[in-house]
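Observations on the three-dimensional arrangement
Okay, here's what each chain looks like letter by letter:
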Amino acid sequence: MLTRIIALIGKEFVQFFRDRALVILVVYIFVEIALCGWALFLHVRNLPIAVYDLDRSRESRELVGKFAATDNFLIARHISNERELESLLDRGEVSMVLVVPAGFSRDLARRTPARVQLLVDGTNSQIAKVALGYAAGIIRSHSLNIELERAGLLDVSEAGIATVTNSIKALYDPDLEFTHFNMLSMVALAAFMTGLLLAAGAVVREKEAGTLEQLLVTPISSGELVVAKLLPMGVIKMAGLLLSVSIAIFVFHVPVKGSLTLFLGLSTLIFFAAMGVGVYLATLARNMQQVLLLSFFVLFPVMFLSGTLVPIENMPPVLQYLSYLNPLRYYMDIVLGIFLKGVGMEVLWPQTLALAVFSLAIISFGIMRFRKSLA
Amino acid sequence: MKLVMPLLRKEVREIRRDPYTLGIAILLPLIQLLLFGYALNLDVAEIRLAVWDQDGSPESRAYLNSYRNTGYFQVRRHVSGYREIYESIDRGETFAALIIPADFSQRLLRGETVRVQTLVDGSFPPRAEIAVNYIEAVNEAYTERLVDSQLQKAGLGRLQEAIVAEPRVLYNSSLVSKNFIVPGLFAVILMAFPPLLSALAVTREKERGSIEQVLISPIRPYEFMIGKLLPYGAIAFVEMLVVFIAALFLFEIPFVGSIPLFLLMAVLYVLCTVGIGLLVSTVTSSQVAAMLMAIAATVMPSFLFSGFIYPIFNMPKVFQVYTYFFPARYFIEISRGIALKGVGLEYLWPNVLMLFIYTLIIVGLASIFFKKKVG
Amino acid sequence: MKRATHRAAGPGMIFLKGVLRAVEEQIIDADGLTRLYGENAAVDRIRLQVNKGEIFGLVGPDGAGKTTTIQMLCGIKAVTSGSARVAGIDVVRDSGRLGGKIGYMSEGFSLYGTLTVAENIDFFADLYQIPAEARKERTARLLQFSRLTRFADRPAEKLSGGMKKKLALCCALIYSPEIIFLDEPTTGVDPVSRRDFWKIVYNFLSEGITVFVSTPYMDEAERCDRVALMHGGRILDCDTPRQLKKRLPGGQLSIAAEPLRAAVSALKEGGRYASVQIFGEYLHVVVPDPASEQDAIRNYLDGRGIKVHSIRQVEPSLEDIFVSVVAGETVTPRQAKGRAVTTEFLEAQPLLQDGGYAVEVFGLTKRFGGFTAVDEISFQVKKGEIFGFLGPNGSGKSTTIKMLCGLLPPTSGQATVAGFDIGREAKRLRPKIGYMSQKFSLYNDLKVEENINLYAGIYGLKGERKKHRKRWVLEMAGLTGRESLMARELSGGWKQRLALGCAIMHEPEVLFLDEPTSGVDPVARREFWDLIYDLSSRGVTVFVTTHYMDEAEHCHSLGLISDGNLIALGSPGNLKEQNLAGELLEVETSRPLAAMDYLSDKEQYSGVSLFGGALHLLVDDAGRAAPAVALMLRQGGFEVRRAEKAPFTLEDLFVALIEAQDKRRIEGGRSL
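What you see is a predicted model; the values in this text were computed from it and never measured.

1. A look at the overall build of chain A
Per the secondary structure count, chain A includes 14 helices and 5 strands. Taking 2.2 N^0.38 as the reference for a compact globule, 375 residues should give roughly 21 Å; the C-alpha atoms of chain A span a radius of gyration of 29 Å, well beyond that estimate. If one aligns the C-alpha atoms of chain A with their principal axes, the spans along those axes are about 95 × 50 × 40 Å. Here chain A holds 375 residues, and the buried ones make up 62% of them. Residue pairs at least 24 apart in sequence account for 75% of intrachain contacts in chain A once pairs closer than 6 positions are excluded. As displayed, chain A offers around 14100 Å² of accessible surface, 63% of which is attributable to carbon and sulfur atoms.

2. Some words on the interface of chain C and chain A
Each side of the interface is counted separately: chain C has 28 residues, and chain A has 24 residues. Taken together, the two surfaces of chain C and chain A that pack against each other cover about 2400 Å², and 59% of this comes from carbon and sulfur. The three residues of chain C that bury the most area against chain A are Arg430, Tyr443 and Ile458 of chain C, which together make up 27% of that side's buried surface. Taken together, the links from chain C to chain A amount to 1 salt bridge. Its salt-bridge partner being Lys402 of chain C, residue Glu213 of chain A comes within 3.1 Å of it at the nearest N-O pair.

3. Considerations on the environment of Leu119 of chain A
Mapped onto the elements, Leu119 of chain A comes out in strand β4 (residues 114–121). A relative accessible area of 3% places Leu119 of chain A in the buried class. Sequence spacing of Leu119 of chain A and Met96 of chain A is 23 residues, and the spatial spacing of their C-alpha atoms is 5.5 Å. When neighbours within four sequence positions are excluded, Leu119 of chain A is seen to be in contact with Leu85, Leu89, Ser95, Met96, Val97 and Val99 of chain A together with Arg168 and Leu170 of chain B.

4. Considering the sheet that holds strand β23 (residues 557–562) of chain C
Residues and elements named next belong to chain C. Read across the open sheet, the 6 strands follow the order β20-β21-β22-β17-β23-β24; overall the sheet is mixed. Each edge of the open sheet carries a strand with a single partner, namely β20 (433–436) and β24 (565–570). Across the sheet, the mean angle separating the axes of adjacent strands is 15° when strand polarity is ignored. Where strand β21 (residues 510–514) lies against strand β22 (residues 541–545), 5 bridges are found, and the strand directions are parallel. Looking across to β22, one finds that Leu511 is bridged to Val542. Packing of helix α14 (residues 397–404) onto the sheet brings it into contact with β17 (386–390), β20, β21, β22 and β23, and relative to β21 it is tilted by some 150°. Sitting on the sheet, helix α21 (residues 572–579) touches β23 and β24, and the angle it makes with β24 is about 110°.

5. Some thoughts on the pattern of salt bridges
Counting across every chain of the model gives 57 salt bridges over all chains. Notably, a salt bridge pairs Glu222 of chain C with Lys245 of chain C, separated by 2.9 Å at the nearest N-O pair. Placement of the pair is Glu222 of chain C in helix α8 (residues 218–222) and Lys245 of chain C in helix α9 (residues 241–246), with a sequence separation of 23 residues. One continuous salt-bridge network, built from bridges that share partners, spans Lys10, Glu11, Glu14, Glu205 and Lys228 of chain B.

6. Regarding the confidence of the model for chain B
Residues at a pLDDT of 70 or more form 96% of chain B, whose mean pLDDT is 83. Of the two predicted TM-score estimates for the complex, the pTM is 0.77 and the ipTM is 0.72.

7. Re the nonpolar core
Core analysis: the largest hydrophobic core is formed by 394 residues, its most contacted members being Phe331 of chain B together with Phe181 and Phe212 of chain C. Examining the composition of this core, we find that 18 residues originate from one element, helix α7 (residues 179–209) of chain A, more than from any other. Sequence-distant contacts of Phe212 of chain C, defined by excluding residues within four places in its chain, comprise Ile28, Leu48, Val50, Phe56, Leu58, Ile70, Leu73, Ile179, Ile180, Phe181 and Leu182 of chain C.

What counts, and at which threshold
Residues numbered from 1 in each chain as written. Chains lettered and ligands numbered in written order. Predicted model: local features only at pLDDT ≥ 70, side-chain atom pairs only at ≥ 80, totals over all residues. Heavy atoms only, no water. Helix = DSSP H or I, 4+ residues; strand = E, 2+ residues; numbered from the N terminus. Rg over C-alpha atoms; globule rule 2.2 N^0.38 Å. Buried < 20%, exposed > 50% of the residue type's maximum accessible area, 1.4 Å probe, protein only. Contact = heavy atoms within 4.5 Å. Areas by Shrake-Rupley, 256 points an atom, 1.4 Å probe, with all protein chains shown as cover. Buried area = accessible area lost by both parts, 1.4 Å probe. Salt bridge = Lys/Arg side-chain N within 4 Å of Asp/Glu carboxyl O. Pairing = 2+ DSSP bridges. Axes fitted to C-alpha atoms, helices over the stretch in contact; angles between N-to-C directions. pLDDT = per-residue confidence, 0-100. Core = buried A, V, L, I, M, F, W, Y, C linked by side-chain atoms within 4.5 Å.

And the structure:
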């Protein structure tokens, strides 16, 4: 039995490295991970804004200066008429316009509330919300300074006035740069996606070529065949995972708070889950086209209901329940847990158990259907 | 051009006989829409708090209530130590933790600055960023009231609001993320399947060898291309309509612009996406390779580098240029422009022009590369 | 231009007109046509001229460059150098204008599976813009000739292999091209469908269509007007089949001897005669001087204790020519391997001559949904026997084999193979059997040696035994020294032998071969059958399906299956005796296709059929019928070269049985 499996495993390795399309796919995924870490951010930095200053006073320039001083905003344009304002927003050239009305400095001098307008492009609600938050914060603190100045309180604490400062610290990704989350979710996604596609493709290709039929008349059992197919792929993918994790750690400085060994160990579970799904899909499909379409059919929900793109807590309850069927969900918890939170098995055992049960079940289903559906 | 009709008829018959593929072609976009629409929710509805109130005084409770009263915060748990805090955030039970020091009320009464600490789950930065904004705003509002009451007590008068920010959200004024996601989805979904289907439709003929019969017939390359472009374009357009109707009635997207204009633009975009599939098919010979290329050239970039979720202004300059190579970028701007802003061609013409030129180039290249040779 | 020459018909012009006519009449004129793949020339400076209206055959071993040649002539493959005009168009520069003038049926199946028969034809009619009126008439005619009228509404993918080929031909003929290229059109097609196929081709020849065909069937090549022999990218010879046959040095003797196998080995011994082939119940030996050598051979065999029934001189067939030309050209790993195989296998395989049955089948049935693929068949195969399993495409042969190999569970009935029940004991059965499917089922992306290693590992071979068996497979397949070639780079014959080697690596007791020689050239086929004989003589039971009736003649016993029913069972000789009444008259004539058409209009000879380049007629008394038929043909303007009684061939039997079955079915009102 061992000779049989070894013979098959050797064959899988040789075939993998001869297949340029597959090697290219794997390389592509690494490149993509790198691109994501480098290029994709969801935070508000250098948001292009325009300033429509009708007051043109020292006070208005002071306020505008506060906006210029943060790295959240980038003053891209100073505009001089209403028409320009509308078209800038309509064309999406800037996402926000700060309008300082005429009479701003006069109102300030008169100590009546001076109004400024913030016109925000709400198309990207996420960006709009965050930008508004930052802008409101800037104006509020500027306003408070003026108010305190008026009350003659240049230094609050010296005057015996109590204040509360709240120092907010973000755990896991202190700069909220999104890179860490992005990288890790891409690593998890890639692990699942490639596993599923490679396994499904490899089985169907043999089915189409008729080579599987030839193997099935030999003394090999379905179990041996499946295991021999999955093991080498698991090894190849482990190498891929190591590479992508190294990029994440050394190039993008993703922290590893927990145990890397534990991470690698638990990663084998997601590989087998993904490849198990792939083999199972291959037993359902008749040809390559069908299996590829089926894979997409499965991959999309798996991707969305896993927490790799957006947190599951935000989803409607039905989808949240559905996500419990999703192996990637558990793996995502494991990845974030180990890398960012530094937790170990004491916290992650339920996820590990769920993943193990899933892998075992799906691979068993695959083996059971194998001979019946592929001959 | 006379020979386009027979090709069309043949394609329609083939498509009709393959309900499996057709079903997936129509169904998958819907599933994708539902998943994206419901699952891709970046809105922060409620922030679950863990509170470590070391003071336990009326003042600290008042401070805590200022969070509760906004309606954005829910106190999930009272804890007594960092370990419990970390554990609770690690497990995802709470999103943020508020730590009020033991001398909170004492220092307040003494007129000193009190330091409160907040820990936020930063593993998904987009959410964390909004939460940080909220927390800061609440804290500042509290401080302002605190200072005001102290000034009053000291007989120094009241703080008079110096600057009032009047935010006005244009377009998606409710700042609901689905209104932002769904119009972008039109672009992404149409980039996911139509190119894939059309690429497979041609490579399938190549693999089967049926293309040889067509090659020796009097048909011209562009006729063949149009014969494939139209039926798959029609399928894609039906996909578009299904998704569009679902978006209007299921997700109740406020569609402020001109629907006919939008549909017209959709036709252009659909031709472009199907054209990309055809172009891919001319340079590949196997279905698997076509699939991989289609994914690499369409699905991923349109998702990541189109401004669909990740704003383009956040990307490094190189990638901002990179986005111009993917038509999804143009259509997303057109789609959001019409749906959310209600603008017309007067603002959108550069995008429309680019999309038009792009489509012409794609279909032209496909016709040129489609040699009437087998190898 | 043409009109101008007509008007100015001076003496000089008449000469010019003659030249022009000659040029015009050559529908294909290629010179120096070459196609390189990297450094390798797939087609090497070939010169080809094909006359308008003729049937031109291109034959050659696998990998000779036939398909590349055809694709270049069709303008769908880029030409490296040289020139070619087809139907007056320069295909090198101007291939775009070929559309509509040529028809092409590629080797692979190239129809739209989900479209029905009628829709497929319609699509091609559309492509070539056939007017509605003509289309209707022509479609009806094509369907009738191909006997596909009943299946007009069936999706193409649900047709049997033979029907698919016929449909492809219909599609290519719907628009009346000037020339039609057929690339191995009948590979893997049963004899009955092949006959239908050629009937269509012939019928449309009368429209002046030129036919350019490549084929691995030498009997089909015999009926071509002219044949080009291609090998290694070059054209070695090109002439009429008659002229080609004259070039075989010496002559050919046909010997009936008993035991036949012993006679073969005796004659081959010590390289006495290079070409000794079993041909049905006879041996064909090529000798330098047939007249003087007859007695020498008789004495030699007598001295060996082999009984010689008859020796007569026969005309060589095109296949003999092919074999001699190709063998002369081929570098010879092929020849060397014969002896090695025999001895090595002898050591490894214990003789199993204890009688008993290797395969026993009782009431075996397989249904797919409402369709019965195999319908309660029962038969037995003796140990060490070569059992030929024949039947038209889609009759249930492969399904039966798959059930016997344990790949498909039967719906009902039972079977034992090598003593094990195929259902209950499938696991224990598998080490005892070898299986080779229709398609090449080894890994194309693995090297020869890697494929062998894989199967050695799968069958648990280790150490010395592994080394021994590996060497044996390499030698048997003639692949020694080519271990590091990728399997996809091998030509058809080599692939088949490699697949066979891997299938018998573990020395199985029963070997299942599903159309092992489909599409393989005659030389490779002969060698392949030598191997099968060797295996059989060592006690291996061989269960084989084939569409080559000459191969079927080599089997010890035959089973004929049609529509899932076993309709005949027995040895080739018995079957012919029991099922064929009367005598067979073989007539060799000029323009055999036209002659057949001519005869089939005469009522008493309507059963005439084409066999190779000759006509076969079923008559009560061949001696009496011969002069009558000859006279009739001469009156029709045909030259009759030979008309004599001939032994029945299996093809006659096969066609007779299947046609009788079809008739019964139609009369019985059962529809498919």
